[in-house]
Amino acid sequence: MTARNPLPRGSAEPLRVPLDPPGFAPPSFDAVVIGCGNPLRGDDGAGPLLVRQLAQTGVPAGVRLVDGGTAGLDTAFAMRGARRVLIVDAARTGAAPGTVVRVPADRLAALSDQPPSLPQPHAVRWDQALAFARWLLGDDFPTDIVVYLVEAACLDLGADLTPAVRRSLERVHTMILDDLILDGPAAAEQPQPVGVFPLPAGYLLIPGRDDETAALRHTLAAGRTPSAWPARLRALELAYRGEIAAAADLLDGDDSVDRYNRFVLRPAGPPVEDPADLRAALGPRLGVLVDVVRFSCGALAEPPELSTETGEVAALVHAAHAAAAMAGAAPEQAAGHLARALEAATPVAPGLAAQLLSTAADLRHGLEGPTDAVLADLAAAGAALDKTDLVVARAELRLALGSAYQERAGDDPEQLRAAVEQYLAALRLVTVDSAPELFAAAQVNLATAYLAMPMTQASDQLRVGVAIGGLRTALTVYTPQTHPQRWANAQLNLANALVYAPSAHRRENLVEAAGRFAQVVAARDPRTDPIGRARALAGQGNALAHLGAVEQATNTLSEAQASFERAGSDDEARVVRALLDELALMVAEIRASRP
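Residues numbered from 1 in each chain as written. Predicted model: local features only at pLDDT ≥ 70, side-chain atom pairs only at ≥ 80, totals over all residues. Heavy atoms only, no water.

So what exactly am I meant to see when it comes to the overall build of the chain here?
On a plain count of helices and strands, the chain comes out with 24 helices and 5 strands. Counting across all 595 residues of the chain, residues that qualify as buried make up 49%. Counted over contacts in the chain with a minimum sequence separation of 6, partners at least 24 positions apart contribute 61%. With the model as given, the accessible surface of the chain reaches about 28,900 Å², and the carbon-plus-sulfur share is 54%. (Helix = DSSP H or I, 4+ residues; strand = E, 2+ residues; numbered from the N terminus. Buried < 20%, exposed > 50% of the residue type's maximum accessible area, 1.4 Å probe, protein only. Contact = heavy atoms within 4.5 Å. Areas by Shrake-Rupley, 256 points an atom, 1.4 Å probe, with all protein chains shown as cover.)

What's the story with helix α14 (residues 350-368) in this structure? I'm lost.
Count 3.6 residues to each turn of an α-helix, and residues three or four apart come out pointing the same way. Taking 1.5 Å per residue as the helical rise, α14 with its 19 residues ought to reach 27 Å, and the 26 Å between its terminal C-alpha atoms agrees with that figure. Regarding α14, the residues found buried are Gly351, Leu352, Ala353, Ala354, Leu356, Ser358, Ala361, Leu363 and His365. After α14 finishes, the residue Gly369 shows a positive phi value of roughly 85°. (Expected span 1.5 Å × (residues − 1).)

How should I be thinking about the packing of helix α23 (residues 550-567) against helix α24 (residues 570-593) in this particular structure?
Two measures define how a pair of helices packs: the angle their axes make with one another and the distance between the axes. At a minimum axis separation of 9 Å, α23 and α24 run at an interaxial angle of 155°. If you check the angle between α23 and α24, you find them roughly antiparallel. For α23 against α24, the interelement crossing comes out left-handed. For the pair α23 and α24, the contacting residues are Val550, Ala553, Thr554, Leu557, Ser558, Ala560, Gln561, Phe564 and Glu565 in the first and Glu572, Ala573, Val576, Arg577, Leu579, Leu580, Leu583, Met586 and Val587 in the second. By residue class, the composition of the contact of α23 with α24 is 12 nonpolar, 3 polar and 3 charged. (Axes fitted to C-alpha atoms, helices over the stretch in contact; angles between N-to-C directions. Parallel < 35°, antiparallel > 145°, perpendicular 65-115°, else oblique. Left-handed = near helix turned anticlockwise from the far one by under 90°. Nonpolar A, V, L, I, M, F, W, Y, C, P; charged D, E, K, R; others polar.)

How should the nonpolar core be read in this particular structure?
Nonpolar side chains in soluble globular proteins tend to end up buried together. Judged by nonpolar contacts, the single largest core of 65 residues is most densely connected at Leu204, Leu205, Tyr240, Tyr260, Leu265, Leu289 and Leu378. Discounting chain neighbours no more than four positions away, the residues touching Leu204 are Pro193, Val194, Leu236, Ala239, Tyr240, Asn261, Val264 and Leu265. Grouped together as the second largest cluster of nonpolar side chains are 62 residues, Leu494, Ala497, Phe517 and Leu583 included. (Core = buried A, V, L, I, M, F, W, Y, C linked by side-chain atoms within 4.5 Å.)

Sorry, what's going on with the pairing of strand β5 (residues 144-151) here?
Within a regular strand, side chains alternate between the sheet's two faces. Of all 8 residues in β5, 8 are buried, a share of seventy percent or more. Side chains Asp144, Val146, Tyr148 and Val150 project from β5 onto one buried face, and the interleaved Ile145, Val147, Leu149 and Glu151 project onto a second face that is buried too. When strand β3 (residues 82-91) meets β5, the two strands line up parallel, connected through 8 bridges. Opposite Val88, over in β5, you have Tyr148 as the bridge partner. Looking at chain direction, strand β4 (residues 100-102) and β5 are connected through 3 bridges and run antiparallel. (Pairing = 2+ DSSP bridges.)

What's the story with α23 in this structure? I'm lost.
Taking 1.5 Å of rise per residue, the 18 residues of α23 would be expected to cover 26 Å, and the 26 Å separating its terminal C-alpha atoms lies within 8% of that figure. Along α23, the positions that sit buried rather than exposed are Val550, Ala553, Thr556, Leu557, Ala560, Gln561, Ser563 and Phe564. Projected onto a plane normal to the axis of α23, the buried residues spread over an arc of 165° and lie on a single side. Opposite its buried face, α23 presents the exposed residues Glu551 and Arg566, each directed more than 90 degrees away. Where the residues of α23 are buried, they touch α22 (530-547) and α24. The first or second residue beyond α23 is Gly568, which carries a positive phi of 80°. (Arc of directions from axis to C-beta.)

Would you mind going over the side chain of Gln422 with me for this structure?
As for its position among the elements, Gln422 is in helix α17 (residues 413-429). Residue classification places Gln422 among the buried positions, given a relative accessible area of 13%. In this view, Gln422 contacts Arg398, Leu401, Gly402 and Tyr405; residues no more than four positions away in its chain are not counted.

Help me understand unusual backbone geometry, please; the structure alone is not making it clear to me.
Leaving glycine aside, a negative phi is the common case for residues, and trans is the common case for peptide bonds. Cis geometry marks the peptide bond from Leu199 to Pro200, where omega comes out at 0°. Summarising the element assignment, Pro200 is placed in the loop between α5 (163-182) and α6 (211-221). For the bond from Gly269 to Pro270, the omega torsion is 0°, close enough to zero to count as cis. Residue position: Pro270 is located in the loop between α9 (256-265) and α10 (275-282). Phi at Ala329 takes a positive value of approximately 55°, unusual for a residue other than glycine. The topology assignment puts Ala329 in the loop between α12 (311-327) and α13 (331-345). With a relative accessible area of 65%, Ala329 lands in the exposed category.

How should I be thinking about the confidence of the model for the chain in this particular structure?
Predicted coordinates in areas of low pLDDT are best not read in detail. The share of residues in the chain with pLDDT of 70 or more is 85%, and the mean pLDDT across the chain is 83. Across residues 118-123 the pLDDT falls below 50, and counting only partners more than four positions away or on other chains, this stretch makes 9 contacts in the model. (pLDDT = per-residue confidence, 0-100.)

What is the right way to read the environment of Phe295 from this model?
Of note, Phe295 is situated in helix α11 (residues 288-296). The exposure class of Phe295 is buried, given its relative accessible area of 16%. Counting along the chain gives 26 residues from Phe295 to His321, while the straight-line C-alpha distance between them is 9.8 Å.

What am I meant to see in the packing of aromatic side chains here?
Aromatic ring pairs are reported here in terms of the distance separating the ring centres and the angle at which the planes meet. Tallied over the full model, the rule gives 2 aromatic pairs. Between Trp229 and Tyr240, the aromatic rings sit 5.2 Å apart at their centres with planes inclined by 50°, giving tilted as the arrangement. With Trp229 in the loop between α6 and α7 (234-240) and Tyr240 in helix α7, this pair connects stretches of sequence that are 11 residues apart. We note that Trp229, like Tyr240, is buried. Grouping aromatic residues by their ring pairs yields a cluster made of Phe197, Trp229 and Tyr240. (Phe/Tyr/Trp six-rings, centres within 6.5 Å; stacked < 30°, edge-to-face > 60°.)

So this is what it looks like as structure tokens:
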């Protein structure tokens, strides 16, 4: 029996059967990604495997994933209602295995609208599927189509993907996500990413529209550091490495992106940019970034309002409003903006979304304290950041999580141990050279957690030594001039640790402690910080008492008691009074024992 031709003889036009009852239209969605091929035949399974990988990593909302497999003509129906179609298939053209080819638009346009000859309807390749879909769907056939072909090396039954094709799939994965995120042909209007890495680099736009820059943009949007930069983007590479002046000097183009990037790195010029002109040059989707940058560097008092912006651009606008709300002591309002920023960033910039999640969790911690829900939020933010190369952000999150555990510790050593684990994790990520302030803060917090832990065995004394070493390191960062409050707190913690540290150099430790307490006393103003100064006096008096300098200790402790009483801190005044009573008793006993 011969197969019938689906067209009546002599027909000039294809015969099409309506696919829907009158009044019904196919559901619409942004894009469909179809993986064609046979997963049982080695490299021919590249398309279906890629679709499964995309399902695991996630795609933007409005994207449908279709494992075409060997379903053949069913893939044509999967294209109905899609604005865009992205197809992945294996190919055998004689090129090097793993070669990736993006099929030119003119080849796609040349596909016939006549039904193709399909002797094997369950072994259909990409071109046959598209030709059939064009004939079948008619006016419903999508016009925005991208096809990725991966050169196969082995199509044997039962074989695995070859290493060359597996590596190429990673590249195609990146290219497809970039296509989806950047919205196809309109991508040239919106170079990406922004907001992911520390400022000012986080505000830079990545120019270009090719496979190389597409992979770079996707890497940065995920919060990862590129292993290599295109030579033409040397300026941006320098900026991401922190060499801002050198980067700005290399940006000498006159196009809108170069002008904007130069403005980010040198807002005051040269050359001096007119903000209105630069906004107009960037266009309605990106122009608002000019005012976001101006707000961040203090040139604008208020952040810009959101208009039609989407994605990470909208996220940056909301983040600027959150910063303004925090500066205005409106944390609830800031939390609302952060939630909207996170919603905008999540589908397109995982790295930025992870940072926003961390900021929102830290803000919630400040509002609610270390509740179980806050700890869960911080842990979730940590898990998201751990997928990135945002080392400082990851360390900051670990510090915040450790602080939350330590706040709720009380007498619970388990909570203190959890805090210590987080502080140690932070210290494994940064050094005193790479992030000095963060490193110092983690050292101080680790020391206070160690000193708060009960000592039940001799090995526990090692923690005191680690705490003292960490506080000494922190004091290489904190100075009375640069960080007066943090310096004073670290000095007090170190001095207290020296007083009680088990050591063969007991007297030397006490002398050092008394000296450090005295430095804090001298630095603290009794008019503006009477209680802080009184505490330093009390510590100094205690150290002097341990040294046997009874008269000097008595005078210092008496001054501390009077300061506490004047400040209304009665409980602390009573503690010092008890120390003075002990000193008086000791002096009386010494005198009574003399002949």
